[in-house]
Amino acid sequence: MKKLILGVFLLTLAFSNALIAQTSTQDHHSHNYVVLTKKIPQLQPIILTAEALAEEDGESFGDFQAIICGKTVEELTDKEMMKSFIEKAEKAHVKIVVCGFSLKKFKVNKEDIPEVLEVVDNGILHDFQLQKKGYLSIEL
């Protein structure tokens with residue numbers, strides 16, 4: 001009987017340690033986010049959201065990307081307007097990504113947009129690829 005009680009105790013102790021280790025590992029993974037938008041002015045609430053999540057997540061806050069697709073890419077050539085968004089995004093650790101397919105479709109030259117913006121071949125595909133990596137995603 002003593003061996004049975006000791007065995008159950010050791011099994012319980014081992015299981016508890018495994019749960020603690022698993023929980024500890026889960027607590028330290030990064031929270032990554034991606035937002036797909038078709039309107040440049042939505043960058044303002046996107047950046048505010050990133051700031052709030054960074055505060056909420058603390059050290060778990062990971063990557064935050066805002067992907068711009070559609071006709072609105074034409075507005076990216078307004079470098080004065082974009083300057084404010086870019087500065088706020090950099091402070092909030094938000095990467096602004098531009099859909100290369102949209103640039104081509106709406107005949108926007110990549111050289112006419114701020115060079116700090118990352119251009120990907122296909123913004124929608126990029127969004128799905130990030131989701132497959134576990135990013136939380138929303139489209140606006």
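Everything here concerns the structure above.
Here we summarise the structure given alongside this text. These numbers come from a predicted model, not from an experiment. (Residues numbered from 1 in each chain as written. Predicted model: local features only at pLDDT ≥ 70, side-chain atom pairs only at ≥ 80, totals over all residues. Heavy atoms only, no water.)

### Details of unusual backbone geometry
- The backbone of His93 sits at a positive phi, close to 60°, despite the residue not being glycine.
- Assignment of secondary structure puts His93 in the loop between helix H3 (79–91) and strand E3 (94–99).
- Located in the positive-phi region is Lys107, a residue other than glycine, with phi close to 50°.
- Mapping Lys107 onto the fold places it in the loop between helix H4 (100–105) and strand E4 (118–120). (Helix = DSSP H or I, 4+ residues; strand = E, 2+ residues; numbered from the N terminus.)

### With respect to the packing of helix H2 (residues 43–57) against H3
- Where H2 contacts H3, the axes come no closer than 10 Å and their chain directions differ by 10°. With respect to H3, the element H2 is oriented roughly parallel. Across from Leu43, Gln44 and Ile47 in H2, the residues of H3 making contact are Met82, Phe85, Lys88 and Ala89.
- Here the contact of H2 with H3 is composed, by residue class, of 5 nonpolar, 1 polar and 1 charged. (Axes fitted to C-alpha atoms, helices over the stretch in contact; angles between N-to-C directions. Parallel < 35°, antiparallel > 145°, perpendicular 65-115°, else oblique. Contact = heavy atoms within 4.5 Å. Nonpolar A, V, L, I, M, F, W, Y, C, P; charged D, E, K, R; others polar.)

### Overview of the sheet that holds E3
- Across the sheet, 5 strands lie side by side as E4-E3-E2-E1-E5; this open sheet has parallel pairing. Edge strands, defined here as strands with exactly one partner in the open sheet, are E4 and strand E5 (136–139). Across the sheet, the axes of successive neighbouring strands diverge by a mean angle of 25°, strand direction being ignored.
- Contacts from H2 reach strand E1 (31–37), strand E2 (61–68) and E3, with the element oriented near 170° to E2. (Pairing = 2+ DSSP bridges.)

### Focus: H3
- The terminal C-alpha atoms of H3 lie 18 Å apart, and with 13 residues this matches the ideal 18 Å at 1.5 Å per residue to within 8%.
- Of all the residues in H3, the buried ones are Met82, Phe85, Ile86 and Ala89. Buried residues in H3, looked at end-on, bunch into an arc of 105°, giving them a common side. Of the residues in H3, the exposed ones pointing more than 90 degrees away from the buried face are Glu80 and Lys91.
- Summarising the contacts, the buried residues of H3 are in contact with H2 and E3.
- At the exit of H3 stands His93, carrying a positive phi of roughly 60°. (Expected span 1.5 Å × (residues − 1). Buried < 20%, exposed > 50% of the residue type's maximum accessible area, 1.4 Å probe, protein only. Arc of directions from axis to C-beta.)

### Some words on the pairing of E2
- Counted residue by residue, E2 has 6 buried out of 8 residues, so it is predominantly covered.
- Across 6 bridges, E1 lies against E2 in parallel orientation. By the bridge assignment, Val34 is partnered in E2 with Gln65.
- The parallel pair E1 and E2, bridged by H2, forms a crossover whose chirality is right-handed.
- Sheet analysis places E2 next to E3, joined by 5 bridges and oriented parallel. Counterpart to Phe64 in the pairing with E3 is Val94.
- Handedness of the crossover joining E2 and E3 through H3 is recorded here as right-handed. (Right-handed = clockwise from strand over helix to strand, strands pointing away.)

### Things to note about the nonpolar core
- Of all hydrophobic cores here, the largest spans 26 residues; its most connected members are Leu43, Phe64, Leu76 and Met82.
- Going through the elements one at a time, E1, H2, E2, H3 and E3 are the ones with two or more residues in this core.
- Broken down by element, this core gets its largest block of residues, 5 residues, from H2.
- Discounting residues that sit within four places of it in the chain, Phe64 has contacts with Tyr33, Val35, Ile46, Ala50, Leu53, His93, Val94 and Lys95.
- Core analysis: the next-biggest nonpolar cluster, separate from the first, contains 9 residues, Leu36, Cys69, Val97 and Leu130 among them. (Core = buried A, V, L, I, M, F, W, Y, C linked by side-chain atoms within 4.5 Å.)

Such coordinate-based values are descriptive only and should not be taken to indicate function.
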